[in-house]
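Understanding the architecture of this molecule
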Amino acid sequence: MIASRSVLASVLVAVVAVACGGKKTEGDPPAPAGAAPVAKPSEGKPAAPDREYQVGWSVWTGWMPFKLMEAKGFLARRAADKGIRVKLVEFPAYMDSVTAFASGKLDACAMTAMEALQPAAAGIDTVAIVVNDTSNGGDGVLVRGIDDLRGLKGKEILLAELSVSHYLLVRGLDSVGMKESDVKIKNTDGDEAGKAFVTDPKVLAVTTWNPHLFQATEGGKGKVIFSSKDIPGEIIDLLVANHAALKQAPQLGTVLTEAWYDAMRAIEDPATREDAIAIMAGGAHASVDEFKKMMAGTELYTNRAKAAAFLEADTTRATMEKIKRFSIEHGLVKDTQFTIGYGAKATEKLRFDASYAAAR
Amino acid sequence: MRAQPRFRAIIGSPLPPATRVALGALGVALVIAGYGYYVYCHRLAGGNPRFSPGLGQLWTALGELTRVDPRTGSVPLWTDTYVSLWIFARGLAVGVALSVTLGIAIGTFATVHALCSPIVIAIAKIPPTALIALFMIAFGVTGDAFKIALLAFGISPTLTLGVAMAARAVPRNTIVKAYSLGASTPAVVIRAIIPQIVPQIIELVRLATCPAWIYLIAAEYVNASEGIGHGIVLSQRMVQIDRILVYVIWLAILGAALDGAFHLLSRLTAPWAAARKDD
């Protein structure tokens, strides 16, 4: 007993000593001379505007222009013009970039319209300023030994749950009057699902994207029974910005939008097109031929006027209602009264603002 | 003043049970207090409460996870736990069977040692998670096979080396004595070596459960329709930090319970080992 008590006592003494020590130094005036050189360099700097704005993106066909923006210096030039510093951050895992944006660690991020609901639902003022592309056959339900969507009944299907792949499947099942519970969903990252379909003949159905879709169909390993071509304009890729950052640096939205359309012009202009595609293919670790096929499944909004019109179009609003309903039904968005705003004056947590794309 | 001799606390002196429990509780309280302090700082800095859930939020999340989900018709936390534990048990069983057999062979026979020891040492250096893609190709993604294989492969090399070391450490005297009493080589292994190293094997398996969880969760991250790893992935996708924390706390509780079970097993199968420690 005595032994244990003395140990306990010494622990307590140590704790108290540490606690007191901590307090004491807090109250002390800062030590002179060499002890606190840290304080000096931060003095007299206007902290808020002079910071680097971080923009997250991940590898996806419709987002490869970000690579172009960086490689060709479009972003650096536009940012220098407006006197701000902007840095692109490439994320190896897409969902990590969404989480980073949702927790306020990124000022802007490329994500689908579906994921854009999540930071908004988490309380981030999210503004969609650029529509990058809509999927046009680039996402699809890939099967072997199954004829059509009805043939999926009771089958196991690999896909990334609660992603646009999931949404695509549900829209497909909907179109033939089936329910999600008619199939067995196994959560697998879309790339992994695509690879598994090719390597494992026991995998009968996956929802994935390109290049897996055309690789499997060209190799005669499977066929696509439903794709984003069947729901045109519903799988939307956006560049969204945190409204707090846009307010702090109003030029940020302009810089990002202008640099994006610099990249679009480089892709459209026959003189620079091949070079642009080569850069983007390199970034996607694909060959130029493969990347061209991937681009065929993606409707890139190179036309600025069309892109601006799309952001606030009635069809877009109707699509967003469908995506919102899916998100609420699947627990992605808890607030059943969640609303989406349109236009520069909207105040909803998620809003589509075409003014950046419209301005020249 | 004092008639009694004074006792000094030295390294290794046991604590009375009450003190031990109190100190254990203090440890838990310190971690909770530390988290509370983090939450407090995060909120004070204007952080979003969604990313620093307090106890109330965790309680709500626990409630959500232990209610029947109308979409699947099952209780997420229990289904996930059951699925994960079932894969865990099979993976652990395969891994332990492999490594104990091979480990004893390596530790006992010089030829097996010379043959296997270098390659096992080399394989033990491979992070199994680097092989996930290969395992998916080899074992398929439609069943649990690839998860079981990953788990078994993950724990086996280190476990094998541990068992081999334990077998090699059996005193030469014991082996010579057994032979001189007329035992055959198989009898020496089964009756002299194995019984001696059972408590070490149990201890090694207990330590192997930690990496085993990692591989299980990693495998479930990749591909699953149920399981704790799957639950964490989905919570991540929904940016529900509170749910992730509930799963993490639940993992800690499960792990601690498993640890206790192994201690109990050790005491039941080899009570002499516990006594030996105090020699």
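Cut-offs and rules
- Residues numbered from 1 in each chain as written.
- Chains lettered and ligands numbered in written order.
- Predicted model: local features only at pLDDT ≥ 70, side-chain atom pairs only at ≥ 80, totals over all residues.
- Helix = DSSP H or I, 4+ residues; strand = E, 2+ residues; numbered from the N terminus.
- Rg over C-alpha atoms; globule rule 2.2 N^0.38 Å.
- Buried ≥ 20, exposed ≤ 12 C-beta atoms within 10 Å, placed from the backbone.
- Contact = placed C-beta atoms within 7 Å.
- Arc of directions from axis to C-beta.
- Axes fitted to C-alpha atoms, helices over the stretch in contact; angles between N-to-C directions.
- Parallel < 35°, antiparallel > 145°, perpendicular 65-115°, else oblique.
- Left-handed = near helix turned anticlockwise from the far one by under 90°.
- Nonpolar A, V, L, I, M, F, W, Y, C, P; charged D, E, K, R; others polar.
- pLDDT = per-residue confidence, 0-100.
- Core = buried A, V, L, I, M, F, W, Y, C linked by C-beta atoms within 7 Å.
- Pairing = 2+ DSSP bridges.
- Domains from an automatic or database assignment.

The subject of this paragraph is the overall build of chain B. Helix and strand counts for chain B stand at 11 helices and 1 strand. Relative to the globule expectation of 19 Å for 279 residues, the C-alpha radius of gyration of chain B, 24 Å, shows a markedly less compact shape. Expressed along its principal axes, the backbone C-alpha trace of chain B runs to roughly 80 × 75 × 30 Å. Out of the 279 residues in chain B, the part that is buried amounts to 29%. The long-range share in chain B, meaning contacts at least 24 apart out of those at least 6 apart in sequence, stands at 71%.

Residue and element names in this part refer to chain A. All buried positions along helix H3 (residues 74–82) are accounted for by Phe74, Leu75, Arg78 and Ala79. Taken down its axis, H3 places every buried residue within 120° of arc, on the same side. Here the buried face of H3 lies against helix H2 (65–71), strand E2 (85–91) and helix H10 (251–268). Phi turns positive, to about 70°, at Gly83, one or two residues after H3.

So, on to the packing of helix H6 (residues 145–168) of chain B against helix H8 (residues 185–222) of chain B. Helices that pack against each other are described as a pair by the angle of their axes relative to one another and the distance between those axes. Residues and elements named next belong to chain B. Here H6 crosses H8 at 150°, and the two axes come no closer than 8 Å. With respect to H8, the element H6 is oriented roughly antiparallel. Regarding H6 and H8, the two cross each other, and that crossing is right-handed. Class assignment of the residues belonging to the contact of H6 with H8 gives a composition of 19 nonpolar, 4 polar and 2 charged.

Next up on the list: the confidence of the model for chain A. With 86% of its residues at a pLDDT of 70 or more, chain A has an overall mean of 84. Contacts from residues 1–48 of chain A, a stretch scored under 50 in pLDDT, to residues over four places away or in other chains number 17 contacts.

Looking now at the nonpolar core. Within the largest apolar cluster, 158 residues are counted, with the highest numbers of intra-cluster contacts made by A:Cys109, A:Val206, A:Leu238, A:Val240, A:Leu252 and A:Leu256. Apart from residues lying up to four places away in sequence, A:Leu238 is in contact with A:Met111, A:Ala113, A:Ala116, A:Ala128, A:Val130, A:Val131 and A:Asn132.

Taken together, the 6 strands give an open sheet; going across it, the order is E9(A)-E5(A)-E8(A)-E6(A)-E7(A)-E1(B), and neighbouring strands pair in mixed fashion. In the strand order of this sheet, the two ends are held by strand E9 (223–227) of chain A together with strand E1 (223–224) of chain B, each with one partner. Here strand E6 (residues 156–159) of chain A pairs with strand E7 (residues 184–188) of chain A via 4 bridges, running parallel. Among the inter-strand pairings, A:Leu158 is bridged to a residue of E7(A), identified as A:Lys186.

To continue, consider the domain arrangement of chain A. All names here are of chain A. Taken domain by domain, chain A comprises domain 1 (52–134 + 235–358) and domain 2 (139–230). In this assembly, 13 residues from domain 1 lie in contact with 10 residues from domain 2. Looking at the side of domain 1 that touches domain 2, the elements with two or more residues in it are helix H12 (288–296) and helix H14 (314–329). Take the side of domain 1 that touches domain 2: its biggest share by element is 3 residues, from H12. Among the residues making up the side of domain 1 that touches domain 2, the classes are represented as 7 nonpolar, 4 polar and 2 charged.

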